[in-house]
Amino acid sequence: MRRRFLQTAIRGIKSVLTNPPTTEASARSILSPTSISTATPRAFTAVNRTNSSQQQLQQRYRASWGRPPRNNDDGRVIIFTNKPGRDGYTRFGSQGGRGGTNHRQRTTRRQLATLAFLGTGGTVVYISSRQQIPYTGRIHAILVDPETELSLGKHTFSEVINQAKMKGRLLPPQHPATQAVRRVGIRIASIASDGAGGGYHSHMQGLDWEFAVIHSPEVNAFVVPGGKVVVYTGLLRLLTTEDELAAVIAHEAGHVVARHVAERLTQGSVVELLRCIAYYAFGIPIPSGPLTAVFFLPNSRKAETEADVIGLQLAARACYDPAAAAVVFKKLGEEEEKHGASAIPKMLRTHPVTRDRIKKINEMLPKAQLLKEAAGCNVGMLDAFERQVGSTIGGGW
């Protein structure tokens, strides 16, 4: 039936070409955009037929296509056909015919297969890359190898130090502030690297810890992978005791112990992969802005809280007063009030609200005090510890 219809259509086209309309009105009727747009066809064909055979022709095409031919004034018949075109149009369409249903089914099967593959592969990768964080016991997945992590930390630290040198802001090693930071930092680092916190700690072995002080009013300190710690003088001005300085450096060491940078890199890579899959496999675009607010910022706050918990225990085991951490955060909270940072909504913060951090520290203080007592932190033990570490690094305290 379809072949006979196409043959009839071809003959109709030839008829139009060899017998053009005799009047301008006839030509406008055949090629009228109005007659084409009413049925939105893919093509149309004009066919000469006698009046006696027009009714049969109409019945035949009504049965085949559900739309009768159209009579023209000069005896020609315009037949609208849904002939497949280059754009891939099919007879049954995508709105309820067999072709559309099959296409949807195939698409759904492909999507389900993709989800099953990703789910299985993701589960295998997660199980094989799980690590337990010391001191907290939290399980996380890390896809970044320690060598890459160390290389990234070394490169970042070098850039920061070189920029500070060019601006004349890097304090020399013999400066009292640098010596104090290095003295406390080495003591914290030796505790952080001893593996007493359990969990995965292989990345802590053999680290080349470095400590630098930059002259800047910025109230901040940070650490990069590999144990590279930078403290700004703007923060040092707020501290009055070595216990408070130990709370700051122990917090930064907690980030190294928990591999928070590697975890953040892993999360970023996985999220970007899922965004690509969602778009190319399912046609779902996921903007990066909402992801920051609902995923990355909450994880950043969680990492800061975890570093507080780990740092509190490191400082206690290093024979510093763990209660000094609450004092430090109280001072930081007052600085936030001065500069209006406290007005930032909680969900848009990279760090937890200061009062929440102080509350968490006070909850952890009994455990930290027990760790300090278990470490035997009396004067005799402390002197022996300092002499041992001082001889190891080739200098005194």
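Residues numbered from 1 in each chain as written. Predicted model: local features only at pLDDT ≥ 70, side-chain atom pairs only at ≥ 80, totals over all residues. Heavy atoms only, no water.

(A) Expanded view of the overall build of the protein chain. Of regular secondary structure, the protein chain possesses 14 helices and eight strands. Put simply, the protein chain has 397 residues, and 39% of those count as buried. (Helix = DSSP H or I, 4+ residues; strand = E, 2+ residues; numbered from the N terminus. Buried < 20%, exposed > 50% of the residue type's maximum accessible area, 1.4 Å probe, protein only.)

(B) The packing of helix H7 (residues 176-192) against helix H9 (residues 242-258), seen in detail. The N-to-C vectors of H7 and H9 enclose an angle of 45°; their axes lie 9 Å apart at closest approach. Relative to H9, H7 is oriented oblique. Note that H7 runs across H9; the crossing there is right-handed. Residue-level contacts link Ala-180, Val-181, Arg-183, Val-184, Gly-185, Ile-188 and Ala-192 of H7 to Glu-242, Leu-245, Ala-246, Ile-249, Ala-250, Ala-253 and Val-257 of H9. Within the contact of H7 with H9, the residues separate by chemical class into 11 nonpolar, one polar and two charged. (Axes fitted to C-alpha atoms, helices over the stretch in contact; angles between N-to-C directions. Parallel < 35°, antiparallel > 145°, perpendicular 65-115°, else oblique. Left-handed = near helix turned anticlockwise from the far one by under 90°. Contact = heavy atoms within 4.5 Å. Nonpolar A, V, L, I, M, F, W, Y, C, P; charged D, E, K, R; others polar.)

(C) Structural detail: the packing of aromatic side chains. Using the criterion set out here, one finds three aromatic pairs in the structure. Ring plane angle 10° and centroid distance 6.2 Å describe the contact between Trp-209 and Phe-211, whose orientation is recorded as stacked. Taken as a pair, Trp-209 and Phe-211 share a single burial class, namely buried. When the centroid spacing of 6.3 Å and the interplanar angle of 40° are considered together, the rings of Phe-222 and Tyr-232 count as tilted. With Phe-222 in strand E7 (residues 221-224) and Tyr-232 in strand E8 (residues 228-232), the pair connects residues that are 10 residues apart, well separated along the chain. (Phe/Tyr/Trp six-rings, centres within 6.5 Å; stacked < 30°, edge-to-face > 60°.)

(D) Representation of the layout of surface pockets in the model. Its boundaries defined by the atoms lining it, the largest pocket holds a volume of some 1000 Å³. Asn-220, Ala-221, Glu-304, His-351 and Arg-357 are, among the 41 residues lining the largest pocket, the residues nearest its centre. Residue assignment for the lining of the largest pocket shows that the elements contributing at least two residues are helix H6 (146-166), E7, H9, helix H10 (260-282), helix H11 (288-317), helix H12 (324-339) and helix H13 (354-374). For the lining of the largest pocket, the class distribution of residues is 21 nonpolar, 10 polar and 10 charged. (1 Å grid on protein atoms, 1.4 Å probe; cavity = no way out; pocket = protein on both sides within 12 Å on 5 of 7 lines; lining within 4 Å. Points joined across faces, edges and corners; volume = space filled by probe spheres on them.)

(E) Spotlight on unusual backbone geometry. Even without a glycine there, the phi angle at Arg-259 is positive, about 55°. With respect to the helices and strands, Arg-259 occurs in the loop between H9 and H10. Residue Cys-319 is not a glycine yet carries a positive backbone phi of 70°. Positionally, Cys-319 belongs in the loop between H11 and H12.

(F) Broad picture of the pattern of salt bridges. Under the definition given, this model contains 14 salt bridges. We note a salt bridge from Arg-259 to Glu-149, for which the minimum N-O separation is 2.7 Å. Taken together, the residues span a long stretch of sequence, with Arg-259 in the loop between H9 and H10 and Glu-149 in helix H6 at a distance of 110 residues. Where Lys-346 meets Asp-356, a salt bridge forms, and the shortest distance between an N and an O atom there is 3.8 Å. Note that Lys-346 is positioned in the loop between H12 and H13 and Asp-356 in helix H13, a separation of 10 residues in sequence. The class for Asp-356 is partly exposed, based on a relative accessible area of 33%. (Salt bridge = Lys/Arg side-chain N within 4 Å of Asp/Glu carboxyl O.)

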